[in-house]
Amino acid sequence: MKKTEAELLEHQWDVENMEVDPEVLAKYVRYDVDEQRSVATITFDRPERLNAIPVAAFERVGDLVREAETDDRVKVIVFKGEGEHFGTGADAAELGHYIGYRTGTDKASRRRPAQRQRILPDRNVLSSGFTRPIIESLKATICQVQGYCYGGHFQIALSADIVIASPDARFTHPAFRYLGPAPQDMYHWIEKVGLTTMKDVMLTMRAIGAEEGERKGLVTKVVERDELQKWVDDYADAIAVMPLDSLMMGKSMMQVVMEARGKGLGAMTGWVGHGWATNVSFDEGDWNFLKERREKGIAQALADRDRLVAPYFRLSDTRSREE
């Protein structure tokens, strides 16, 4: 039987501090097919953690997209999140551990992971492992976004064909807070929001609001939250009228043009750059996420980081921007 990436990487990452149980991952990332409507839905179901999911769950996302792509009952793949938010990416409690950082105070626990430990999980799980199947899917993909769309969930939105968002939706990658403005798929950033906005967001680490996202081309349409599901359903139904052959041929031709514009090289910046970024050297006085998380806990560390900047640049609840 084919091994999962979690099984293959078990000897490299700190599995004791990660969730890799397939049954638990399937609970957090649900999959349903509505054969009558030709729609497959991938639902993030961990609302008590703002739909942050274990690192290993992103492999499941990629696998489900590939499953939907080969299912002739499906023409449209919809991504949605339960509760108040679409999702906040990988569970911050696992960050660092998935590339081999371990708990403890002994020398072995403090040892920096080798580059080979960083490259494979970055490429096979947290980058190409789920974004590439979405970007290259020959079925239509739609993101239904409310609230936070951060981290890996933001990568899903960048990769999708259509993004329908409520006015309170906010988009960015918290890795800019942890690691600096490097480890991202530069191709999709530039294609979706343009170079000027990309630099603005990466350098200041702020989030993009829904209306700004619509103006810049990241968001297809902004609708009121109570109309969000209806609009997503209407878009899916409109697409599903198209013959499956036509849909898949059209998406294939889009892929040709995207490759000519640099998609392949741009995607590599995500996982190659991440290896650099996770090996960053902190000077005295620099804010160090792993150190702050270890000493204060995740919630307090992130709250303290937000308070270092003006409300406009914070990633916490939008109400903080009105302080």
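These figures come from a predicted structure and were not determined experimentally.

## Let's talk about the overall build of the protein chain
When its secondary structure is counted, the protein chain shows 16 helices and nine strands. For the protein chain, the spread of C-alpha atoms along the three principal axes comes to 60 × 55 × 40 Å. Taken across its 323 residues, the protein chain has 52% of its residues classed as buried. Considering only contacts in the protein chain between residues 6 or more positions apart, those separated by 24 or more positions represent 71%. Summed over all atoms, the accessible surface of the protein chain reaches about 15400 Å², with 53% contributed by carbon and sulfur.

## Focus: the sheet that holds strand 7 (residues 170-172)
Spatially, 5-7-8 is the arrangement adopted by the three strands of the open sheet, whose pairing is mixed. A single partner strand is all that each edge strand has here, and the edge strands are strand 5 (148-150) and strand 8 (208-209). In this sheet, strand 8 lies alongside strand 7 in antiparallel orientation, the contact comprising two bridges. Across the sheet, Phe171 pairs through a bridge with Ile208, a residue of strand 8. Strand contacts of helix 7 (residues 151-159): strand 5 and strand 7, with the helix running at about 90° to strand 5, the strand carrying the most contacts.

## Thoughts on the domain arrangement of the protein chain
Domain boundaries assigned for the protein chain yield domain 1 (20-279) and domain 2 (287-322). The distance between the C-alpha centroids of domain 1 and domain 2 comes to 23 Å. Listed as interface residues are 20 residues of domain 1 and, on the opposing side, 18 residues of domain 2. Buried area between domain 1 and domain 2, both sides added, is near 1500 Å², and the carbon and sulfur share of it is 55%. Three residues stand out in domain 1 for area buried against domain 2, namely Arg170, Arg177 and Tyr178, and they jointly supply 41% of the buried area on that side.

## A few points about the environment of Ser166
Mapped onto the elements, Ser166 comes out in the loop between strand 6 (162-165) and strand 7. Exposure remark for Ser166: the relative accessible area of 0% places this residue in the buried category. Once you skip the residues sitting within four places of it in the chain, Ser166 turns out to touch Val145, Gln146, Gly147, Ala210, Val222, Val223, Arg225 and Leu228.

Calculation rules
- Residues numbered from 1 in each chain as written.
- Predicted model: local features only at pLDDT ≥ 70, side-chain atom pairs only at ≥ 80, totals over all residues.
- Heavy atoms only, no water.
- Helix = DSSP H or I, 4+ residues; strand = E, 2+ residues; numbered from the N terminus.
- Buried < 20%, exposed > 50% of the residue type's maximum accessible area, 1.4 Å probe, protein only.
- Contact = heavy atoms within 4.5 Å.
- Areas by Shrake-Rupley, 256 points an atom, 1.4 Å probe, with all protein chains shown as cover.
- Pairing = 2+ DSSP bridges.
- Axes fitted to C-alpha atoms, helices over the stretch in contact; angles between N-to-C directions.
- Domains from an automatic or database assignment.
- Buried area = accessible area lost by both parts, 1.4 Å probe.

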